[in-house]
Amino acid sequence: MRRRFRAFAVGAIGGAAVLALSASAAAASNTTTCSGELAPGSYGKVVVPEGAACLSEGPVTVHGGLFVGSGATFVLGSDEAPGDDGTITGGVRAVNAASVQIHFATINGGIDIQGGSGPFGGPFEITWNAIEDNHINGSVSIEGYNGFWFGFIRNHVNGSVRLNDNTLLDEDANEYVTNVIHGSLQCVGNSPEAQTGDSEGQENQVTGAKTGQCAKLH
């Protein structure tokens, strides 16, 4: 299934250039509301409003954090295009988002993704979270996601990681592999159970405790 996801994402980002960009920056708060394409450049706070889709090939520099609203989609980069897609300082926060997909970025301030909006909908017709190939400074909490697929793969994390209660429709979902984590790793209540899937990944390297489903990977 991951090949299908890649094709959807690459095609959508490539087509974003012809979308009407709705990004407004308020001078006083330096906040950019993104619906459409997020062009390469430097931003303060970036907000993806409820139901919107914000797509970027990068590189982008975000100084005030990224906030993804209910039913919204955020995509930065692709696992098929390795490179430096930028830096997000101030962390990534999402509540009941459709999809959060971040590749080859540096994230300062951690990641907190809570809930989801179901397996169908958004610009790709199905929803998935992909946090891949990032350097993350801060803790990671991704809990209660109910999309179609989710992968947490090849990340370097300076902080604890909690991947709990994520219930996905695809039997190949919840791929949590090949991460280097300077902290603890907890995986509890995920369905399907945390697995290698078709990623051909390797065992997670964890300096702290590795508990729950992730403890028995490989």
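Below, the structure is looked at part by part. Note that this is a predicted model, so its numbers are computed, not measured. (Residues numbered from 1 in each chain as written. Predicted model: local features only at pLDDT ≥ 70, side-chain atom pairs only at ≥ 80, totals over all residues. Heavy atoms only, no water.)

### Things to note about the overall build of the protein
Phase 1: A tally of helices and strands in the protein yields 1 helix and 24 strands.
Phase 2: Taking all 218 residues of the protein together, 51% fall into the buried category.
Phase 3: When contacts within the protein are restricted to residue pairs at least 6 apart in sequence, long-range pairs at least 24 apart make up 44% of them.
Phase 4: Counting every atom, the protein has about 8700 Å² of accessible surface; 51% of that belongs to carbon and sulfur. (Helix = DSSP H or I, 4+ residues; strand = E, 2+ residues; numbered from the N terminus. Buried < 20%, exposed > 50% of the residue type's maximum accessible area, 1.4 Å probe, protein only. Contact = heavy atoms within 4.5 Å. Areas by Shrake-Rupley, 256 points an atom, 1.4 Å probe, with all protein chains shown as cover.)

### Here's the deal with the packing of aromatic side chains
Phase 1: Inspection of the entire model under this criterion finds 4 aromatic pairs.
Phase 2: Plain terms: the ring middles of phenylalanine 120 and phenylalanine 148 are 6.4 Å apart, the flat faces sit at 55° to each other, and that makes the pair tilted. Note that phenylalanine 120 is positioned in the loop between strand S13 (111-114) and strand S14 (128-132) and phenylalanine 148 in the loop between strand S16 (140-143) and strand S17 (149-153), a separation of 28 residues in sequence.
Phase 3: Measuring from centroid to centroid gives 6.4 Å for tyrosine 145 and phenylalanine 150, while their planes differ by 75°, and the two rings are edge-to-face.
Phase 4: For tyrosine 145, a relative accessible area of 1% puts it in the buried group.
Phase 5: Residue class for phenylalanine 150 comes out buried when judged on its relative accessible area of 0%. (Phe/Tyr/Trp six-rings, centres within 6.5 Å; stacked < 30°, edge-to-face > 60°.)

### Notes on the pairing of S14
Phase 1: By the criterion of burial, S14 is predominantly enclosed, with 5 of the 5 residues buried.
Phase 2: Burial along S14 is two-sided: Trp128, Ala130 and Glu132 and Asn129 and Ile131, pointing in opposite directions, are all buried.
Phase 3: Both strand S11 (residues 99-103) and S14 contribute to a ladder of 3 bridges, which runs parallel. Of the residues in S14, the one forming a bridge with histidine 103 is glutamate 132.
Phase 4: One ladder, built from 5 bridges, connects S14 with S17; its direction is parallel. The partner of isoleucine 131 across the bridge, within S17, is phenylalanine 152. (Pairing = 2+ DSSP bridges.)

### Looking at the state of the cysteines
Phase 1: According to the stated counting rule, one finds 2 disulfides in the structure shown.
Phase 2: Note on cysteine connectivity: cysteine 34 is disulfide-linked to cysteine 54, with sulfurs 2.2 Å apart. Around the S-S axis, the bridge from cysteine 34 to cysteine 54 shows a dihedral of about 90° and counts as right-handed. Of the two residues, cysteine 34 sits in strand S2 (residues 31-37) while cysteine 54 sits in strand S5 (residues 53-56), which places them 20 residues apart along the sequence. (Disulfide = S-S within 2.5 Å.)

### Some points on the nonpolar core
Proteins that are soluble and globular tend to have nonpolar side chains buried together.
Phase 1: One finds Ile102, Ile131 and Phe152 to be the most contacted residues of the largest nonpolar core, which totals 53 residues.
Phase 2: Take this core: its biggest share by element is 4 residues, from S17.
Phase 3: The contact partners of isoleucine 131, leaving out residues within four places of it in the chain, are Val100, Ile102, Ile111, Ile113, Ile136, Ile142, Phe150, Gly151, Phe152, Ile153 and Asn155. (Core = buried A, V, L, I, M, F, W, Y, C linked by side-chain atoms within 4.5 Å.)

### Remarks on the pairing of S11
Phase 1: With 5 of 5 residues buried, S11 is to be regarded as a mostly interior element.
Phase 2: Of the two faces of S11, the one holding Ser99, Gln101 and His103 and the one holding Val100 and Ile102 are both buried throughout.
Phase 3: Strand direction decides the pairing type here: strand S8 (residues 73-76) and S11, joined by 4 bridges, are parallel. Among the inter-strand pairings, threonine 73 is bridged to a residue of S11, identified as serine 99.

### Some details on the environment of glycine 183
Phase 1: Structurally, the position occupied by glycine 183 is in the loop between strand S21 (180-181) and strand S22 (185-187).
Phase 2: For the pair glycine 183 and glycine 138, spaced 45 residues apart in the sequence, the C-alpha separation amounts to 9.9 Å.
Phase 3: Excluding its chain neighbours within four sequence positions, the residues that come into contact with glycine 183 are Gly159, Val206, Thr207 and Gly208.

### Details of the sheet that holds strand S6 (residues 60-62)
Phase 1: What the 8 strands build is an open sheet, ordered S3-S6-S9-S12-S15-S18-S21-S23; its pairing is parallel. Looking along the sheet, the strands with just one partner apiece sit at the ends: strand S3 (41-43) and strand S23 (205-206).
Phase 2: Relative to strand S9 (residues 86-89), S6 runs parallel, the two sharing 3 bridges. Considered in S9, the bridge of valine 60 is made with glycine 86.

So yeah, pure geometry; function would need other evidence.
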